[in-house]
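The residues making up each chain are set out below.
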Amino acid sequence: MSLVRAERLEKTYRVGDIDVPAIKGIDFAIEPGSFVAFVGPSGSGKSTLLNMIGCLDHPTSGTLTVLDTDIATLDRRAAARFRGEHIGFVFQDFNLIPVLTVFENIEYPLRMVQKWPAEKRHAQVALMLAAVGMADQANKRPDQISGGQKQRVAVARALVSQPKLVLADEPTANLDHDTAYRILELMKKMRDEFKTTFVFSTHDPKIMGEAETTFTLEDGRLDSDIQQEELGHA
Ligand code: ADP
Ligand code: MG
């Protein structure tokens, strides 16, 4: 059973009187435990797609099934609950809370969303800190650590409540190549350790080799679909 399945998926934004098609009828499946990249230039639809998989936005047509749930059936409140239970997010600009320490940033979802009891929470944060190699930085604030370290913290925060799926929209765009490479290695290690499915996007062809499965987006369509059509199999 696929973890994510898209069939004839389309998303068109309405801007004033104009339709802006961003995803133009794509099909794909993501298997549990996989390490997947959506690769494509700026404007190709990566964020639109990840936002839909993350239940932050609805498709215009077609279906998108995430963990056996047709996400079009979720209203705002149900989508928020679904995200809280099943999905972790890693962002391009890290999105750490500046006034909180590294420890407190990782703890935040367990405190504010999941409401775990303190003792269990602290043990889980300690486990995540160790897993991302940041145990000795626990009391620092985000402005006292490097970009690569911030993204390590963000990876720990995304995984702390043990989601089945982690979505990372251009997680390495603000990192130099070596650091980007190490962050993807870390994500892969976390996938192995915690059996979480990772889906990330990138516009950097050098990084896409790190993925085990790559989908190439071009102007809202997948390479694989375009080739099928050219062969007359559409
Ligand atoms: P990427 O993440 O690959 O850069 P996006 O998903 O952000 O691509 O954008 C895909 C297309 O959709 C672009 O043409 C972009 O201008 C358009 N788009 C994205 N978000 C919106 C929005 N909120 N309103 C209108 N158009 C949008
Ligand atoms: Mg984007």
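Small disclaimer: the values here were computed from a predicted structure and weren't measured.

Right, let's get into the layout of surface pockets. The volume enclosed by the largest pocket comes to roughly 440 Å³. In terms of lining residues, the largest pocket is bounded by 15 residues, among which Gly 84, Ile 87, Phe 89, Pro 109 and Val 113 are the most central. Sorting the residues of the lining of the largest pocket by element identifies helix 2 (76-86), strand 6 (87-90), helix 3 (102-114) and helix 5 (147-159) as the ones contributing at least two each. For the lining of the largest pocket, the element with the most residues is helix 3, which contributes four residues. Across the lining of the largest pocket, the residue classes break down as nine nonpolar, four polar and two charged.

On to the packing of helix 4 (residues 118-131) against helix 6 (residues 177-194). Between helix 4 and helix 6, the least distance of the axes is 11 Å, while the angle of their chain directions is 135°. Overall, the two elements helix 4 and helix 6 adopt an arrangement that is oblique. For the pair helix 4 and helix 6, the contacting residues are Leu 127, Met 128 and Ala 131 in the first and Leu 186, Lys 189, Met 190, Glu 193 and Phe 194 in the second. Here the residues of the contact of helix 4 with helix 6 sort into six nonpolar, no polar and two charged.

Bringing the packing of aromatic side chains into the picture now. Counted according to the given criterion, the structure contains six aromatic pairs. Look at Phe 28 and Phe 38: their rings are 5.2 Å apart centre to centre, the planes differ by 70°, and that puts the pair in the edge-to-face class. Highlighted residues: Phe 28 in strand 2 (residues 18-30) and Phe 38 in strand 3 (residues 35-39), separated in sequence by 10 residues. Between Phe 38 and Phe 215 the ring centres are 5.1 Å apart and the planes differ by 20°, which places this aromatic pair in the stacked class. With Phe 38 in strand 3 and Phe 215 in strand 9 (residues 213-218), this residue pair connects regions lying 177 residues apart in the sequence.

Residue Cys 55 is not a glycine yet carries a positive backbone phi of 60°. Its place among the elements puts Cys 55 in the loop between helix 1 (46-53) and strand 4 (61-66). Classification of Cys 55 by relative accessible area gives buried; the value is 6%.

Time to look at the site of ligand 1. Lining the immediate environment of ligand 1, one finds Tyr 13, Val 15, Ala 22, Pro 41, Ser 42, Gly 43, Ser 44, Gly 45, Lys 46, Ser 47 and Thr 48. For ligand 1, an oxygen atom lies 3.3 Å from a polar atom in the backbone of Ser 44. Ser 47 places a polar side-chain atom, nitrogen or oxygen, 2.9 Å from an oxygen atom of ligand 1. When contributions to the shell around ligand 1 are tallied by element, the ones reaching two or more residues are strand 1 (4-15) and helix 1. Looking at the shell around ligand 1 element by element, the count peaks at three residues for helix 1. Grouping the amino acids of the shell around ligand 1 by side-chain chemistry returns four nonpolar, six polar and one charged.

Attention now goes to the sheet that holds strand 3. If you walk across this open sheet you meet the six strands as 6-7-8-3-9-10, and the pairing is mixed. Across the chains shown, the open sheet's two edge strands, defined by having one partner strand only, are strand 6 and strand 10 (221-222). In this sheet, strand 7 (residues 165-169) lies alongside strand 6 in parallel orientation, the contact comprising four bridges. In the sheet register, Phe 89 faces strand 7, and the bridge partner there is Leu 167.

Examined against the element boundaries, Pro 205 turns out to sit in helix 7 (residues 205-208). Accessibility expressed as a relative area gives 60% for Pro 205, which makes it exposed. C-alpha separation for the pair Pro 205 and Gly 40, spaced 165 residues apart in sequence, amounts to 8.3 Å.

About the cut-offs
Residues numbered from 1 in each chain as written. Chains lettered and ligands numbered in written order. Predicted model: local features only at pLDDT ≥ 70, side-chain atom pairs only at ≥ 80, totals over all residues. Heavy atoms only, no water. 1 Å grid on protein atoms, 1.4 Å probe; cavity = no way out; pocket = protein on both sides within 12 Å on 5 of 7 lines; lining within 4 Å. Points joined across faces, edges and corners; volume = space filled by probe spheres on them. Helix = DSSP H or I, 4+ residues; strand = E, 2+ residues; numbered from the N terminus. Nonpolar A, V, L, I, M, F, W, Y, C, P; charged D, E, K, R; others polar. Axes fitted to C-alpha atoms, helices over the stretch in contact; angles between N-to-C directions. Parallel < 35°, antiparallel > 145°, perpendicular 65-115°, else oblique. Contact = heavy atoms within 4.5 Å. Phe/Tyr/Trp six-rings, centres within 6.5 Å; stacked < 30°, edge-to-face > 60°. Buried < 20%, exposed > 50% of the residue type's maximum accessible area, 1.4 Å probe, protein only. Near = heavy atom within 4 Å. Polar contact = N/O pair within 3.5 Å; in protein donor to acceptor, adjacent residues only side chain to side chain. Pairing = 2+ DSSP bridges.

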